[in-house]
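# A structural walkthrough
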Amino acid sequence: MLVSEGKPTSATSIEAQPGTQNSPSGTKMKSTRPATLLRSSFCLPPSAFATFLLLLSFCLHPSAFAAPSAFAQNVLWVMADDLRPQLGCYGDEVVISPHIDQFAQRALRFDHAYVQSAVCSPSRNSMLSGLRPNTTGLRGFGTKVRDVIPDIVTLPQHFKNHGYETRAFGKIFHIYDESMLGDEDDAQSWSEPTRWPEVPVWGPEQNALRDRLIAGAKKTGKEFKHPHDWPRAETWDDSDIPDDQMQDGDTTAAVEKYLDSRQGDQTPFFLAVGFLRPHLPFNAPQKYWDLYDPTTLRLPAFRQLPRNVPAWVVNRGIVKNYHNMPSLEETDSAFLQRYLQAYLACISYVDACFGRLMEALEKSGHAENTIVVFMGDHGYQMGEYDSWGHKHSNFEISTRAPLLISSPRMARAGASSNALVEFLDLYPTLCDLAHLPKPEHLEGISFSDLLNDDTSVRDAACSEMKRQGRLGRSIRTAEFRYTEWRDPKNNIVARELYDHRNDTTPGQLEMENIISDPKMTHVVSHLSQRLNQLVPAKTEKLHE
């Protein structure tokens, strides 16, 4: 049965209010029984009865329970930056990801999980707040979600409010991976400050190069007004150093230490671990590079723009903001194969780190009572549409990301789901799995039932992307993707329609925009109407 997505009562978080209770339908109702009648039933003096009512109201208020249930389930939430579904458990025959693949055997794999924006900051702000970018206006970098909605209750904060110890290691809220500056972290979400990596971005030689580049820029009077302004070392680093001397290994070691400290401690935890790779720069110890022979790696089959689309719908070319990085026109096939090797090496590095986390969780004694989530924060382009190292689009390759969830006593362990889900749905889903009440502001739909029953809860997933002053809102159904682009005055300036009934070859999806096909008129009308129900078009000042 499909459930339509409801609108939030407000853009702020509202816990259950005193003096109300939820009816079976979810509607808040006030008690109508007079207090005098209640008091006469208990034969208590007025003062004693007043005390009794105060205690009773406190106990019945859901927010009053600072201490969680004795059966509370922990949460281990692991997110890898810029990781698309290029894993063995997703059918990729090249990548080496044994630990994630092993985890998939006891988790539910989601084959159609979509982000709300294929950019690090807005994607994370959306899933952590439970609100769409269309609601917050956050579609770029530099603005914290609490700057826009001061009293927002984030996902980890909600767990903290219900007695959980909430901890963050690595990148959960956004930070600029290249400089480790300009974080958008939210202190109210965590029981202790976020533990960032304590080793440099690059290995020793590349980091020394970066220091020289910074010193040279300062001598010329260069001012660094933005985290992206700082000079960078090279696009990749394959130093022959131990895992823990690069950032994700350092984060893993810190989480191992934390989990070891939790042995015998029954206080439930919400533990968020954010790996920086495989986001650029592609830095991973040499042994992970050695897993791949670049000469055997095949370049993407479809490297042109989709037919019948404006050129501005996707970033073409290769990310150049690194030392000695050539333009795409200056590269050859061998260089691009090396680029693919770098991305794959980082995936295998993350896989090894994830394996260590799972082993540490087992040793802690909490594995049997912990919900585990592994995911990317959005998709990624590695040559598709001749876009290398970019995301920033509404295409399938950018908006679809890996999602694996394991929960104690789930019925569908080791299975896969074709149901459409949004990362926006993670907040209510984790609340349901942990048996916590859901805040009223949430715009997502819980898909917790999918872990036991293959019944879809939504008919569509939506994403948004701002490009060159135009806002693109995209809707993905089981059969189609439809995208509307509007200018600042809310006028439609371009539309796209892709038929996924015909797009079945990996790496060759969404190759032709069929928006002008007269046979698709009814489809376009229906999808446009549904898109505007879920993500209403509106004139607004967009936060960058």
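Residues numbered from 1 in each chain as written. Predicted model: local features only at pLDDT ≥ 70, side-chain atom pairs only at ≥ 80, totals over all residues. Heavy atoms only, no water.

### A few points about the overall build of the protein chain
Each helix and strand counted, the protein chain has 14 helices and 20 strands in total. Relative to its full complement of 544 residues, the protein chain shows a buried share of 57%. Long-range contacts, defined as pairs at least 24 residues apart, comprise 73% of the intrachain contacts of the protein chain with a sequence gap of at least 6. In the structure as shown, the protein chain presents an accessible area of about 23,000 Å², 52% of it carried by carbon and sulfur atoms. (Helix = DSSP H or I, 4+ residues; strand = E, 2+ residues; numbered from the N terminus. Buried < 20%, exposed > 50% of the residue type's maximum accessible area, 1.4 Å probe, protein only. Contact = heavy atoms within 4.5 Å. Areas by Shrake-Rupley, 256 points an atom, 1.4 Å probe, with all protein chains shown as cover.)

### Quick notes on helix H13 (residues 426-433)
Counting buried positions along H13 gives seven out of eight residues, so the element sits mostly inside the fold. Among the residues of H13, Leu-426, Tyr-427, Pro-428, Thr-429, Leu-430, Cys-431 and Leu-433 are the ones counted as buried.

### Brief notes about the side chain of Arg-481
Within the secondary structure, Arg-481 is located in strand S19 (residues 480-486). Here Asn-394 takes part through its backbone oxygen, which lies 3.2 Å from a polar atom of the side chain of Arg-481. Within the structure, the side chain of Arg-481 is placed 2.9 Å from the side chain of Ser-474, a separation counted as a polar contact. (Polar contact = N/O pair within 3.5 Å; in protein donor to acceptor, adjacent residues only side chain to side chain.)

### Looking at the sheet that holds S19
If you trace the four strands from one edge of the open sheet to the other, you get S17-S18-S19-S20, paired in antiparallel fashion. Each having just a single partner strand, strand S17 (461-467) and strand S20 (492-499) make up the two edges of the open sheet. Each strand of the sheet is rotated relative to its neighbour by a mean of 15°, with strand direction disregarded. Pairing between S19 and S20: seven bridges, direction antiparallel. Its bridge partner being in S20, Glu-484 is matched across the sheet by Arg-495. (Pairing = 2+ DSSP bridges. Axes fitted to C-alpha atoms, helices over the stretch in contact; angles between N-to-C directions.)

### Observations concerning the pattern of salt bridges
Using the criterion set out here, one finds 34 salt bridges in the structure. With a closest N to O distance of 3.1 Å, Glu-384 and Arg-84 form a salt bridge. Here Glu-384, found in the loop between strand S12 (381-382) and strand S13 (387-390), pairs with Arg-84, found in the loop between strand S3 (74-80) and helix H3 (98-104); they are 300 residues apart in sequence, far enough to count as distant. Taking the relative accessible area as the measure of exposure, Glu-384 reaches 10% and is therefore buried. A salt bridge links Asp-238 to Arg-338; the shortest N-O distance between them is 3.0 Å. Here Asp-238, found in the loop between strand S7 (236-237) and helix H9 (247-261), pairs with Arg-338, found in helix H11 (residues 333-364); they are 100 residues apart in sequence, far enough to count as distant. Accessibility expressed as a relative area gives 25% for Arg-338, which makes it partly exposed. (Salt bridge = Lys/Arg side-chain N within 4 Å of Asp/Glu carboxyl O.)

### Things to note about the sheet that holds strand S10 (residues 317-318)
Pairing in this open sheet of three strands is mixed, and the strands run S10-S13-S12 from one edge to the other. Strands with a single pairing partner mark the edges of an open sheet, and in this sheet they are S10 and S12. Across two bridges, S10 lies against S13 in parallel orientation. If you follow Ile-318 over to S13, its bridge partner there is Trp-388. Here H11 sits on the sheet in contact with S10, S12 and S13, set at roughly 30° to S13.

### Remarks on the pairing of strand S11 (residues 370-376)
Within S11, seven of the seven residues are buried, leaving the element largely enclosed by the surrounding structure. Residues Thr-370, Val-372, Phe-374 and Gly-376 point to one face of S11 and Ile-371, Val-373 and Met-375 to the other, with burial holding for every one of them. Bridge analysis of S3 against S11 gives seven bridges, and the strand direction is parallel. Across the sheet, the residue bridging to Val-75 is Ile-371, located in S11. For S11 and strand S14 (residues 403-406), the ladder comprises four bridges, and the chain directions are antiparallel.

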